[in-house]
Amino acid sequence: MPKFHLDGDEIEVSPGTTILQAALERNLAVPHYCYHPKLTIVGNCRICLVEVEKAPKLMIACSTVVNDGMVVRTGSPRVLEARRGVMEFLLINHPLDCPICDQAGECLLQEYAVLHGSGVSRFQEEKVKKNKRVVIGPHVLLDEERCILCTRCIRFCQEITGTHEIDLFDRGDRTTIGTFPGRPLENLYSGNVVDICPVGALTSREFRFRSRVWFLKSTPSVCPGCARGCNIWVDTADEQVARLRPRVNEEVNGHWMCDIGRNGFESVNSPDRLLTPLVRREDTLTPSPWLEAVKRSAAGLLRIFQEQGGEAIGWIVSGRLTNEEAFLVGRISSEVLDGSRIIVLDHCEGEDDALLLRRDRTPNRRGVNDLCLGNGGQQMKPAALVSSLKDGSLRALIVLGEDLLEMPQLEGMTRAILAGLDLLVVHDQFLTGTGEVAHVVLPAASFVEIDGTYRNFEGRVQAVRAAKRAPGAGQAGWMFLSLLGKALEADFSYATSQEITRALGAAAPERAAGEGGAG
Amino acid sequence: MIFVRRPDPRFRAWTYFWALVKGMSLTLRHIFRPKVTLQYPEQRGEFSEGYRGLPSLVRDQHGREKCVACYLCQWVCPPRAITITAGELQESPVEKFAEKFQINMLRCIMCGYCEEVCPEQAIFLNQDYELTGLTRAELIFQKEKLLEIGGVRPDTIQKWKPLLADPSRSGGRKQ
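Cut-off values and rules
Residues numbered from 1 in each chain as written. Chains lettered and ligands numbered in written order. Predicted model: local features only at pLDDT ≥ 70, side-chain atom pairs only at ≥ 80, totals over all residues. Heavy atoms only, no water. Helix = DSSP H or I, 4+ residues; strand = E, 2+ residues; numbered from the N terminus. Buried < 20%, exposed > 50% of the residue type's maximum accessible area, 1.4 Å probe, protein only. Contact = heavy atoms within 4.5 Å. Areas by Shrake-Rupley, 256 points an atom, 1.4 Å probe, with all protein chains shown as cover. Lys, Arg positive; Asp, Glu negative; His and termini not counted. Charge placed at Lys NZ, Arg CZ, Asp CG, Glu CD. Buried area = accessible area lost by both parts, 1.4 Å probe. Polar contact = N/O pair within 3.5 Å; in protein donor to acceptor, adjacent residues only side chain to side chain. Nonpolar A, V, L, I, M, F, W, Y, C, P; charged D, E, K, R; others polar. Pairing = 2+ DSSP bridges. Axes fitted to C-alpha atoms, helices over the stretch in contact; angles between N-to-C directions. Parallel < 35°, antiparallel > 145°, perpendicular 65-115°, else oblique. Left-handed = near helix turned anticlockwise from the far one by under 90°. Phe/Tyr/Trp six-rings, centres within 6.5 Å; stacked < 30°, edge-to-face > 60°. Lys NZ or Arg CZ within 6 Å of the ring centre and 35° of its normal. pLDDT = per-residue confidence, 0-100. Salt bridge = Lys/Arg side-chain N within 4 Å of Asp/Glu carboxyl O.

**Some thoughts on the overall build of chain A**
Scanning chain A from terminus to terminus reveals 15 helices and 23 strands. Here chain A holds 519 residues, and the buried ones make up 57% of them. Across chain A, the fraction of contacts at a sequence separation of at least 24, relative to all contacts at a separation of at least 6, is 65%. Roughly 21600 Å² of accessible area belongs to chain A as shown, and the carbon and sulfur atoms make up 51% of that amount. Mean positive and mean negative side-chain charge positions of chain A (58 and 67 charges, respectively) differ by 3 Å.

See below:
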């Protein structure tokens, strides 16, 4: 174990550690552009220069491995002078686009210019002009002038995705990054190059001019796009979701997330969201207060339960429910509407890919299976749903966030079948085709508006936190189910999602903790 | 209960007379001095160059809106009077512009932070201080009105001019 002196402290590191890694571990602010913990070290930005005693010149911290007895200084006058010089070179051809650059506010060039730059330019000549606003892929825009040629994006495409779309072109101060003719940057993980770009050279086309980053409020959450459950930051401004960013979790997603998850939030901002509960009166859906709509659903369910038994009632759920919602579905279906059927729908597409994306496009299939069905809930296979609707053995459906008319696995499902039901209760963010024929439609909260937990395909339970309020009278599923349970005179009442989390933890501690522990 | 004796004013009451003379003499002196009262609104006062009136947007000498919707004024505005929505200019190297730019003059406190923070020198406080309207909506100024009030302020540094003049650099390379 090599021991060395870092800014006066003697520290011991594992063999092979570089000076930069040791410094970052100790929260020493050594500036760096090209170094990224997940990519190979190239040492081309030169901003991380530090002074090593007995070395004739300054060394770059990112690629200098710690040796026993080294004496390193990260803030000596020689180092500061060198940083100022490096910053001056980097800024020579920089266009100073900050007012129109989406990176402004989270730009390392801005930060280091303030911390380590000289503040004035001595450059008298014309700046080199390069192409701006180059479309290099469906999600990424390149500004060649802003690029500092750190090659993080090139290494990402070589080492992480293995697709090799980006490379360096031309020589000297005209060097640019770019894509090859006819080979745009369209791999599934292209959005990550925007995140790792330390400057504003690569920017997101979806986030373009949507907000300035200093207006954004970041909430830690979990991506609902697939069973991986990538950790994300939900960035919101003015009660609108501006973007999703990966949140570092080495156990789940590392530093990355896929473009499907990254851009899967647009429906949340839609102006067409359902804002108020609707109840069918004289054959038209009319707005109604929440409690009235819930009471009406409960009365209908109780009547059918008493007349025809629990077998006539069906719950349509999927892996999109949180554990808390699934737990309540399980409790109501087994404790109150005893014997009611639970139909868990699939949302599968394609195959698992090598990096993150899973075939199962729901975040909580494991949790839903376990909590809905594990406590004595009666399952019905989706294939049997249509036939039992047709032959009249199912008389009431409670649909949680699904549009039955848009599910390819439900062959033969029509509006007429659904319209023939005695009771159809739909809880959804939008007024879907299923909602249009329903008796009660309740506005739902989206994944950025709920508290809860998801269990990913590995069994890891991870928390989701509301980043904003639901529009209108939208309510999370657990709130709807809690109110419904109360109206059905069930033996429980919950005021927050966290209460349900605790309750289900107490009911099944080994399941709540999951194999991987709460993330 | 405490009984307090009222002070006897008989002698001291006499001293008011000297204050009266003093005050009256000041009044008389001012009668013969030049008058400073303005007959507003017929007469208008003159303000210093740095007077901070209502904010407005300006164009440069080529008629280009200088604002690029960087949101710094919206960020810095203490009463949050400014609301901007950014849009993209497809054919111009400037790339970004303010699709919507409104200043709620009912909220504006004319502090001048917006002018100070603007990196494009696009927003200025003018000398106007008269703000009247029949509705509240009238006093929320939209971009067109702000540009009309602001008029033209020539730029000394023409950062965009060489770019605007060169059509090959207008839209960016597409692949």
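**What about the interface of chain B and chain A?**
With 29 residues of chain B in contact, the opposing surface of chain A contributes 21 residues. Between chain B and chain A, the buried area comes to about 2100 Å², and carbon and sulfur atoms account for 52% of it. Seen at the junction of chain B and chain A, the total is 6 residue pairs in polar contact (both at pLDDT 80 or more). Residue assignment for the side of chain B that touches chain A shows that the elements contributing at least two residues are helix H2 (72-76) and strand E2 (82-88) of chain B. Here the residues of the side of chain B that touches chain A are counted per class, giving 13 nonpolar, 8 polar and 8 charged.

**Quick word on the sheet that holds strand E5 (residues 71-73) of chain A**
Residues and elements named next belong to chain A. Taken together, 5 strands build an open sheet; the order of strands is E2-E1-E5-E3-E4 and the sheet is mixed. If you trace the sheet from one side to the other, it starts and ends with strand E2 (9-12) and strand E4 (59-60), each paired once. Strand direction decides the pairing type here: strand E1 (residues 3-6) and E2, joined by 4 bridges, are antiparallel. Bridged to Phe-4 within E2 is Ile-11.

**Focus on the packing of helix H7 (residues 290-308) of chain A against helix H13 (residues 477-487) of chain A**
Residues and elements named next belong to chain A. The contact between H7 and H13 brings their axes to 9 Å, and the two run at 55°. It follows from the interaxial angle that H7 and H13 lie oblique. Relative to H13, the crossing made by H7 is right-handed. On H13, the residues touching Trp-290, Leu-291, Val-294, Ser-297, Ala-298 and Leu-301 of H7 are Phe-480, Leu-483, Leu-484 and Ala-487.

**Topic: the packing of aromatic side chains**
Overall, the coordinates contain 13 aromatic pairs over all chains when judged by the stated rule. Look at Phe-156 of chain A and Trp-256 of chain A: their rings are 4.8 Å apart centre to centre, the planes differ by 65°, and that puts the pair in the edge-to-face class. With Phe-156 of chain A in helix H4 (residues 152-160) and Trp-256 of chain A in the loop between strand E13 (240-246) and helix H6 (259-262), the pair connects residues that are 100 residues apart, well separated along the chain. Measuring from ring centre to ring centre gives 5.4 Å for Phe-169 of chain A and Phe-180 of chain A, while their planes differ by 70°; the resulting arrangement is edge-to-face. In this pair, Phe-169 of chain A is assigned in strand E8 (residues 166-169) and Phe-180 of chain A in the loop between strand E9 (176-179) and helix H5 (191-196), connecting sequence segments 11 residues apart. Taken together through their ring pairs, the aromatic side chains of Trp-214 and Phe-215 of chain A together with Tyr-71 and Trp-75 of chain B make up a single cluster. One Lys or Arg, Arg-247 of chain A, reaches over the ring of Trp-233 of chain A and ends 5.8 Å from the middle of that ring. Across from the ring centre of Phe-457 of chain A, 3.7 Å away, lies the NZ or CZ of Arg-358 of chain A, which sits over that ring.

**Digging into the confidence of the model for chain B**
Residues and elements named next belong to chain B. Of the residues in chain B, 92% have a pLDDT of 70 or more, and the chain-wide mean is 88. Scored below 50 in pLDDT, residues 170-175 shows 19 contacts in the model against residues more than four places distant or in partner chains. Both confidence scores are given for the complex: pTM 0.88, ipTM 0.84.

**Description of the side chain of Asp-155 of chain B**
All names here are of chain B. Topologically, Asp-155 is positioned in the loop between helix H4 (143-150) and helix H5 (161-165). At 2.8 Å, the side chain of Asp-155 forms a polar contact with the side chain of Lys-66. The residues touching Asp-155, leaving out its near neighbours within four places in the chain, are Asp-60, Gln-61 and Lys-66.

**Describing the confidence of the model for chain A**
Of all residues in chain A, 97% attain a pLDDT of 70 or more, and the chain-wide mean is 93. Confidence over residues 512-519 of chain A falls short of pLDDT 50; this stretch has 18 contacts with residues more than four positions distant or in other chains.

**Quick word on the environment of Ala-476 of chain A**
All names here are of chain A. Take Ala-476: it is sitting in the loop between strand E23 (461-464) and H13. When the C-alpha atoms of Ala-476 and Ile-450 are compared, they prove to be 5.8 Å apart, with 26 residues separating the residues in sequence. In this structure Ala-476 touches Glu-325, His-427, Ala-445 and Ile-450, once residues within four positions along its chain are discounted.

**Let's talk about the pairing of strand E3 (residues 49-52) of chain A**
All names here are of chain A. Residues of E3 alternate between two faces, with Leu-49 and Glu-51 on one and Val-50 and Val-52 on the opposite face, all of them buried. With antiparallel pairing between neighbouring strands as the criterion, E3 and E4 make up a hairpin whose turn holds 6 residues, including Lys-54 at a positive phi of roughly 75°. Pairing of E3 with E5, which is carried by 2 bridges, proceeds in the antiparallel orientation. Of the residues in E5, the one forming a bridge with Val-52 is Val-72.

**Structural notes on the sheet that holds strand E10 (residues 202-204) of chain A**
All names here are of chain A. One open sheet accounts for 3 strands, arranged E6-E7-E10; its pairing is antiparallel. Either end of the sheet is taken by a strand with one partner, and the two such strands are strand E6 (134-135) and E10. Relative to E10, strand E7 (residues 140-142) runs antiparallel, the two sharing 3 bridges. The residue bridging Leu-141 from the neighbouring strand is Thr-203, located in E10.

**A short note on the pattern of salt bridges**
All names here are of chain A. Evaluated as defined, the whole model comprises 38 salt bridges over all chains. For Asp-195, the salt bridge is made with Arg-262, and the minimal N-O distance between the two is 2.8 Å. Taken together, the residues Asp-195 in helix H5 and Arg-262 in helix H6 connect sequence positions 67 residues apart. Using a relative accessible area of 32% as the deciding quantity, one classes Asp-195 as partly exposed. Between Asp-370 and Arg-455 there is a salt bridge; the shortest N-O distance is 3.3 Å. One end of the pair, Asp-370, is in helix H9 (residues 365-373); the other, Arg-455, is in strand E22 (residues 452-455), with 85 residues separating them in the sequence. Each member of the pair Asp-370 and Arg-455 is classed as buried. Each member of the salt-bridge network shares a partner with another, and the members are Asp-97, Lys-132, Asp-143, Glu-145 and Arg-146.

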